[in-house]
Amino acid sequence: MFSEVLNQVIRAFPPRPAALPEMATAVVILDEDRHIEYVNTSAEALFTPIDPVGATLPDLFESCSAEGGDDLFASIDASDNPAPTRIRLSDERLLDGVVRKLSSGGFVLTLDDVTSYVREAELGLRDTLTGLANRKLFTTQLIERLRRARESKQAIALLYVDLDRFKGVNDTLGHQMGDALLAKVADRFRSATRDDDLVARLGGDEFAVLQTGVEQPACAESLATRLVDLIGRAYALNGHMFHIGASIGVAVFPSDGAEPEAILKSADLALYRAKADGRGCYRFFEPAMDERIQARRLLEIDLRRALALKQLHLAYQPQVELETNQIAGFEALIRWQHPERGVVSPAEFIPLAEEMELIGPIGEWVLRTACKEAASWPRPVSIAVNLSPLQFKTTPLVEAVRKTLALSGLDPGRLELEITEGALLYDTAAVLRDLEEVQNLGVQISLDDFGTGYSSLSYLQKFPFGKIKIDQSFVRGIDRDGQRQAIVRAITDLASALGMTTTAEGVETPQELTCVRAAGCTKVQGYLTGRPMSVEAASNLLANDVTKAGAEESVR
Amino acid sequence: MNNGLHRLVYYSRNRVGQDPQTLSAAIKSILSASRRNNAQVDVTGALMFNSGCFAQVLEGGRAAVESVFERVQQDERHGDVAVLAFEPVKTRSFDKWSMGFVGASPDDIARYDTLAEASGFDPARMTGEALFQTLHSLALEEEGKQ
């Protein structure tokens with residue numbers, strides 16, 4: 001064979017240094033014409049079963065399907081001290097090759113197996129669960145890509161993506177299910193992006209995409225639209241269907257920030273906006289976002305002080321028993337009177353308090369104050385207090401209720417805790433256990449805002465609520481809307497079949513009152529039968545025993 | 001974990017557009033891809049297009065149905081995917097079809113679509129069971145023709 005002939009020729013050459021054949025580094029010696037004339041044992045092992053002697057390097061690499069070796073000689077022609085060239089063999093092994101000129105004529109190629117080194121380095125930069133880039137790789141790529149974009153005067157878009165409702169899946173169904181879901185989410189990222197885009201998992205349910213080399217902001221907008229759509233589609237996993245969503249904040253280099261920190265901050269603010277706007281959407285950074293965040297920070301500072309500065313107080317709204325037209329109780333409503341801001345709406349500060357984990361102390365204050373004040377009223381009517389879903393997480397509820405009842409001396413039968421469906425969304429077993437214990441103390445548990453949540457009926461089955469509060473959206477204008485009448489009637493029928501009473505919320509006109517009475521509601525609450533009032537006014541109202549329900553209705 | 005026979009029923013909105021040629025080409029490509037992929041993992045089912053909606057039944061082993069459905073979800077030729085049923089079943093109902101196309105043929109879709117609308121068939125208003133039954137009876141009709 002041709003190679004054997006060549007081998008004989010090679011053997012006739014001056015002997016190689018004795019150590020060469022046994023060196024761990026693969027050594028290939030080429031003649032002036034760049035044909036291989038010698039390989040040591042390590043090099044032979046690399047290319048087995050192919051015999052490299054006599055071949056050129058391109059022929060050798062082609063015959064064993066190795067990639068990346070074409071440029072080996074380019075480096076030698078350019079420099080005396082060439083950088084290694086990365087060669088990928090067909091079996092995924094990676095070699096670093098360097099070609100040097102031999103003073104005796106010809107060339108020597110050394111090949112080092114760097115497979116494990118590279119793999120480890122890659123692993124340190126890849127998220128092992130999803131195979132996406134990790135935060136470390138993302139950060140170095142951000143810096144590198146910004147540098148290149150600056151040189152080439154191109155735009156880059158950074159998309160920050162947070163999954164909506166993912167924590168619920170993880171908390172209720174376990175990490176394994178959560179991990180499997182994350183892997184599917186990563187797949188959808190890959191299907192929505194181009195190879196040049198860098199997709200990273202920054203941790204938990206946070207992702208980021210760096211979009212380079214395309215027109216901005218148009219391409220970022222279409223990618224964000226696709227991601228919101230794709231990630232928000234249902235997932236079938238282990239026999240279950242999962243619905244999560246994506247909130248996305250987009251910042252574009254250079255307009256939204258020239259440095260990595262600046263562009264990260266802009267994307268973060270935009271993401272914050274997307275979440276505040278109801279999630280499941282994307283928002284581009286706008287300079288005004290900075291100001292809004294500033295405003296929120298100031299509000300946070302004020303809210304932290306509100307309790308200590310005694311700026312919080314309670315207002316009480318009457319609940320009227322329809323059978324007797326008498327006041328059956330009051331709902332305690334929190335008010336924040338700030339010296340400069342004026343009255344801050346609970347709709348504004350309660351969600352903030354929940355996010356800041358202030359809801360625990362604020363909730364306990366409400367409970368304590370309501371019980372104490374109600375205990376001094378002239379008649380033993382009920383007192384309803386709202387519980388935030390997050391209070392179940394942050395405070396030992398049963399202990400707080402027990403202690404408050406003991407301290408205030410309030411008859412447990414007068415206390416009514418109102419919870420929303422939100423409280424039953426996650427970690428339900430623990431919440432139900434808490435509620436049951438509270439109920440065992442003699443306290444009534446009501447379901448608030450009924451009809452506005454996800455699957456109200458299933459919650460009715462989960463817990464023996466004493467009362468259902470029918471959301472005002474079904475009550476408002478009920479006299480002019482047959483559908484609402486039918487819905488309220490259905491709720492009261494259902495409630496009475498389950499042994500629960502009903503309170504219609506938001507009754508504002510005599511006509512609405514007539515309708516909810518006809519629909520079979522037990523109690524009403526609303527501006528018609530009494531606006532929220534101070535504790536003194538509530539106490540006086542009870543002392544005078546005045547009710548307006550019957551009177552208002554007879555006016556028409 | 002139960003990897004037994006499962007059935008998934010969904011409908012979704014057409015995003016290909018209304019142009020008859022584009023639509024019929026898209027449906028043909030969806031069909032040929034699903035026939036190829038489904039046969040590999042032993043998933044059977046039927047697809048129909050009506051009133052601007054795709055309706056599809058997938059049946060097979062749980063993991064196989066889930067992976068086929070994941071590919072469906074990543075397809076941007078449709079959107080607003082609503083899953084009406086995903087549950088274990090005892091038997092296959094489309095065992096002869098890697099992916100049957102039922103109702104009007106892809107070429108006739110554009111022409112007949114308005115007719116179908118007039119007939120009142122709207123997958124968006126159906127339960128999973130009703131949609132499944134519709135596709136199944138259309139599939140039986142189709143088999144009768146062959």
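Note that the coordinates shown come from a computational prediction; the quantities given were computed from them, not determined experimentally.

A.B. asks: Looking at this model, I keep getting lost on the pairing of strand E19 (residues 467–470) of chain A. Mind explaining?
C.D. replies: Consecutive side chains along a regular strand alternate between the two faces of the sheet. Residue and element names in this part refer to chain A. Here E19 shows no split at all, with Lys 467 and Lys 469 on one side and Ile 468 and Ile 470 on the other all buried. Bridge analysis of strand E18 (residues 444–450) against E19 gives three bridges, and the strand direction is parallel. Bridge assignment links Phe 450 to a residue of E19, and that residue is Ile 470. Where E19 and strand E20 (residues 501–505) come together, four bridges link them in parallel fashion. When the sheet's bridge partners are listed, Ile 468 is paired in E20 with Thr 502.

A.B. asks: Explain unusual backbone geometry here, please?
C.D. replies: Working note: non-glycine residues mostly have negative phi, and peptide bonds are mostly trans. All names here are of chain A. Pro 49 follows Thr 48 through a cis peptide bond whose omega is 5°. The topology assignment puts Pro 49 in the loop between helix H2 (41–47) and helix H3 (57–63). Note the cis peptide between Gln 216 and Pro 217, where omega equals 5°. Here Pro 217 is to be found in the loop between strand E8 (206–212) and helix H9 (218–232). Non-glycine residue Lys 153 carries a positive phi angle of around 55°. Tracing the backbone shows Lys 153 in the loop between helix H6 (135–152) and strand E6 (156–164). Although it is not a glycine, Asn 325 sits at a positive phi angle of roughly 60°.

A.B. asks: For this particular structure, what's the right way to read the interface of chain A and chain B?
C.D. replies: Note: interface size is frequently given as the accessible area lost on complex formation between the parts. Chain A puts 16 residues into the contact, and the matching count from chain B is 17 residues. Taking both partners together, chain A and chain B bury about 1300 Å²; carbon and sulfur atoms supply 48% of that area. At the junction of chain A and chain B, the tally comes to three salt bridges. A salt bridge links Arg188(A) to Glu70(B), with the shortest nitrogen-to-oxygen separation between them at 2.6 Å. Inspection of the chain A/chain B interface yields ten residue pairs in polar contact (both at pLDDT 80 or more).

A.B. asks: Would you take a moment to explain the nonpolar core for this structure?
C.D. replies: Grouped burial of nonpolar side chains is what soluble globular proteins tend to show. Ranked by internal contacts, the top residues of the largest apolar core, which has 77 residues, are Leu303(A), Tyr316(A), Phe330(A), Trp377(A), Ile383(A), Leu415(A) and Leu417(A). Looking at which element gives the most residues to this core, the answer is helix H13 (residues 359–375) of chain A, with eight residues.

A.B. asks: Help me out: how do you make sense of the pattern of salt bridges in this one?
C.D. replies: Any two side chains of opposite charge can pair, given that their charged atoms come close. Residues and elements named next belong to chain A. The tally for this structure, following the rule as stated, stands at 37 salt bridges over all chains. One salt bridge connects Arg 233 with Asp 229, and the closest N-O pair in it is separated by 3.0 Å. We note that Arg 233, like Asp 229, is buried. The residue Asp 302 makes a salt bridge to Arg 305 at a minimum N-O spacing of 3.9 Å. On the criterion of helical spacing, the pair formed by Asp 302 and Arg 305 is a turn pair, its members being three residues apart in helix H11 (residues 287–306). With a relative accessible area of 14%, Asp 302 lands in the buried category.

A.B. asks: Is there a simple way to explain the packing of aromatic side chains in this structure?
C.D. replies: Any pair of aromatic rings gets described here by the distance separating the centres and the angle formed by the planes. What the rule picks out here adds up to nine aromatic pairs over all chains. On the basis of an interplanar angle of 80° and a centroid distance of 6.1 Å, the ring pair of Tyr282(A) and Phe284(A) is categorised as edge-to-face. Note on Phe49(B) and Phe54(B): the rings are 4.9 Å apart at their centroids and 65° apart in plane angle, and the pair reads as edge-to-face. By relative accessible area, Phe49(B) is classed as buried at 3%. Judged by relative accessible area, Phe54(B) falls into the buried class, the value being 3%. A network of ring pairs unites the aromatic residues Tyr316(A), Phe330(A) and Trp377(A) as a single cluster. Arg188(A) extends its terminal NZ or CZ atom over the ring of Tyr235(A), reaching a point 3.7 Å from the ring centre.

A.B. asks: Mind showing me how you'd approach the confidence of the model for chain A here?
C.D. replies: When pLDDT is low, close inspection of the predicted coordinates is not appropriate. Across chain A, the average pLDDT comes to 86, with 91% of residues at or above 70. Low pLDDT, under 50, characterises residues 546–556 of chain A; the predicted model gives this stretch 20 contacts beyond four residues in sequence or across chains.

A.B. asks: Can you help me understand the confidence of the model for chain B in this one?
C.D. replies: All names here are of chain B. Averaged over chain B, the pLDDT score is 81; the fraction of residues at 70 or greater is 79%. The spread of mean pLDDT over the elements of chain B runs between helix H3 (residues 106–119), the lowest at 54, and helix H2 (residues 62–73), the highest at 93. Between residues 114–119, whose pLDDT stays under 50, and residues either more than four places distant or in other chains, the model counts four contacts. The complex model carries a pTM of 0.55, and its ipTM stands at 0.85.

A.B. asks: Is there a simple way to explain the pairing of strand E11 (residues 245–253) of chain A in this structure?
C.D. replies: Residues and elements named next belong to chain A. With nine of nine residues buried, E11 lies mostly within the body of the structure. Taking every second residue as pointing to the same face, both faces of E11 are buried, with Gly 245, Ser 247, Gly 249, Ala 251 and Phe 253 on one and Ala 246, Ile 248, Val 250 and Val 252 on the other. Here E11 pairs with strand E12 (residues 282–284) via three bridges, running parallel. The partner of Gly 249 across the bridge, within E12, is Arg 283. Handedness of the crossover joining E11 and E12 through helix H10 (residues 260–276): left-handed.

Calculation rules
Residues numbered from 1 in each chain as written. Chains lettered and ligands numbered in written order. Predicted model: local features only at pLDDT ≥ 70, side-chain atom pairs only at ≥ 80, totals over all residues. Heavy atoms only, no water. Buried < 20%, exposed > 50% of the residue type's maximum accessible area, 1.4 Å probe, protein only. Helix = DSSP H or I, 4+ residues; strand = E, 2+ residues; numbered from the N terminus. Pairing = 2+ DSSP bridges. Contact = heavy atoms within 4.5 Å. Buried area = accessible area lost by both parts, 1.4 Å probe. Salt bridge = Lys/Arg side-chain N within 4 Å of Asp/Glu carboxyl O. Polar contact = N/O pair within 3.5 Å; in protein donor to acceptor, adjacent residues only side chain to side chain. Core = buried A, V, L, I, M, F, W, Y, C linked by side-chain atoms within 4.5 Å. Phe/Tyr/Trp six-rings, centres within 6.5 Å; stacked < 30°, edge-to-face > 60°. Lys NZ or Arg CZ within 6 Å of the ring centre and 35° of its normal. pLDDT = per-residue confidence, 0-100. Right-handed = clockwise from strand over helix to strand, strands pointing away.

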